Amino acid sequence: MISNQVIIVQGLIGVFLSINLFLISTFFRKEVFYTTVRYVLFAVTLLSDCLFLIITNSLLVSTYFGLTIHIWLCFILYFILAVYTFVTPLTLTAMTLERYVAICMPLRHAELCTMRGALKLILIIHGLGAIPCTVTLYIFFAIVSPTFYSQNRVCSVETFILSSWQGDVRSAISQFYFLIMCSVIVFSYVQIMKAAKAASGESKKSTWRGLRTVTLHGFQLLLCLIQLWCPFIEAAVFKINLLLYNNVRFFNYIMFFLAPRCLSPLIYGLRDKSFFRALKLYALWITCQCKDRIIWTP
């Protein structure tokens, strides 16, 4: 029998994926969106979150039912998942820097924030996101026996962590990344705050709107940072009670893995006036199309 927790997760992921796919469809319907850096970065977070949700859900279901797969397929899934675990927070940091440049260095914004630069930035983000898992897998391949590669196993992140010191190395790298990202967020927030106090009129409103966006990015980044501590909390709870461990792990997955992936639509999909207007028009068009089909269905 399928547990209520698995059913709840399937429902939440279905809702989040539907919202994200709707936003992605809206993004490609207007040229201004896919030729503007901040919207392109927004689309990267949406695509990253979709891929992350699909893979984590697949691993969750396979683990729940005890399904085994070949270790090389597990390796590919782990590599993709590990990269896109970092792509979203790194992209959020890049979006914060873009807001900093737009507000604090408006004369250089057009020069620095070009589409060519955005494509290079996306490649750099993926490269940086691949470093932690590359280190983890390099250590794994160095100590594992050749017979391990021919095995079938239930795929999980723990498959590639054979000793506690490997987990410590992975945690240290992750916390270093998030320390740098938090520093960038705080720096941008302080500089935008100074600009907001010095601005006046319409410029002041725009600056404070940018400040609120940076604050929300910081909150989302905080949730991503907390997920690094989830394995330590779960390991401690596991020694106390198995039922409590399952409940804590379910709560952590909802709050610190799924929740940060639904904040991006809230920040740009609903708060950005241009994108929200396009969303309403697209939703209205879909509604009209559905009504026409109902009317003309024989």
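Residues numbered from 1 in each chain as written. Predicted model: local features only at pLDDT ≥ 70, side-chain atom pairs only at ≥ 80, totals over all residues. Heavy atoms only, no water.

Looking at an unreviewed UniProt entry, the chain carries the name G-protein coupled receptors family 1 profile domain-containing protein, with the source organism given as Oryzias sinensis. Per UniProt, the chain has the following entry under Subcellular location (unreviewed entry): "Membrane". (UniProt positions renumbered as here; feature names shortened; annotations may be inferred.)

### Brief notes about the packing of aromatic side chains
How two aromatic rings sit relative to each other is set out by the distance from centre to centre and by the angle between their planes. One pass over the structure, following the stated rule, counts 17 aromatic pairs. Note on F33 and Y39: the rings are 4.8 Å apart at their centroids and 65° apart in plane angle, and the pair reads as edge-to-face. Each member of the pair, F33 as well as Y39, carries the same accessibility label: buried. Three or more aromatic residues joined by ring pairs make a cluster, and in this case those are F33, Y39, F42 and F275. (Phe/Tyr/Trp six-rings, centres within 6.5 Å; stacked < 30°, edge-to-face > 60°. Buried < 20%, exposed > 50% of the residue type's maximum accessible area, 1.4 Å probe, protein only.)

### So, the state of the cysteines
What makes a disulfide is a covalent bond joining the sulfur atoms belonging to two cysteines. This structure, assessed with the given rule, holds 1 disulfide. The residue that forms a disulfide with C74 is C155, at a sulfur-sulfur distance of 2.1 Å. What sets the handedness of the C74 and C155 disulfide is the S-S torsion sign, and at about 85° it is right-handed. On the criterion of sequence distance, the pair formed by C74 in helix 4 (residues 71-104) and C155 in the loop between strand 2 (152-153) and helix 7 (164-198) is long-range, its members being 81 residues apart. C155 matches C74 in its accessibility class, with the two residues each being buried. With no disulfide of its own, C133 has C74 as its nearest cysteine by sulfur position, at a separation of 13 Å. (Disulfide = S-S within 2.5 Å. Helix = DSSP H or I, 4+ residues; strand = E, 2+ residues; numbered from the N terminus.)

### Things to note about the environment of V144
With respect to the helices, strands and loops of the structure, V144 is situated in the loop between helix 6 (115-143) and strand 2. Given the relative accessible area of 14%, V144 is considered buried. Once the C-alpha coordinates of V144 and F160 are considered, the two residues, 16 residues apart in sequence, prove to be 9.4 Å apart. When neighbours within four sequence positions are excluded, V144 is seen to be in contact with Y149 and L162. (Contact = heavy atoms within 4.5 Å.)

### Some points on the nonpolar core
Ranked by internal contacts, the top residues of the largest apolar core, which has 66 residues, are I13, F27, F160, L258 and F275. Counting only elements with at least two residues in this core, the list comes to helix 1 (4-27), helix 3 (37-65), helix 4, helix 6, helix 7, helix 8 (201-226), helix 10 (242-258) and helix 12 (273-296). The greatest single-element share of this core, amounting to 17 residues, is contributed by helix 4. In this structure F27 touches F33, Y34, Y39, V40, A43 and F275, once residues within four positions along its chain are discounted. (Core = buried A, V, L, I, M, F, W, Y, C linked by side-chain atoms within 4.5 Å.)

### Considerations on the pattern of salt bridges
The full count for this structure, using the stated rule, is 2 salt bridges. Among the salt bridges present, the one from E98 reaches R99, with a minimum N-O distance of 2.9 Å. For R99, a relative accessible area of 16% translates into the label buried. E111 is paired through a salt bridge with R108; the nearest N and O atoms lie 3.5 Å apart. You can see E111 and its partner R108 sitting in helix 5 (residues 106-112), 3 residues apart, about one turn around the helix. Since its relative accessible area comes to 38%, R108 is described here as partly exposed. (Salt bridge = Lys/Arg side-chain N within 4 Å of Asp/Glu carboxyl O.)

### Points about the UniProt feature "transmembrane region" (unreviewed entry) in the chain
In the numbering used here, UniProt assigns the feature "transmembrane region" (unreviewed entry) to residues 6-28, 40-63, 69-97, 118-144, 172-193, 214-238 and 250-270. Across residues 6-28 one finds 96% helix and 0% strand; the C-alpha atoms that close the span lie 33 Å apart. Taken end to end, residues 69-97 is 93% helix and 7% strand, and its two terminal C-alpha atoms sit 41 Å from one another.

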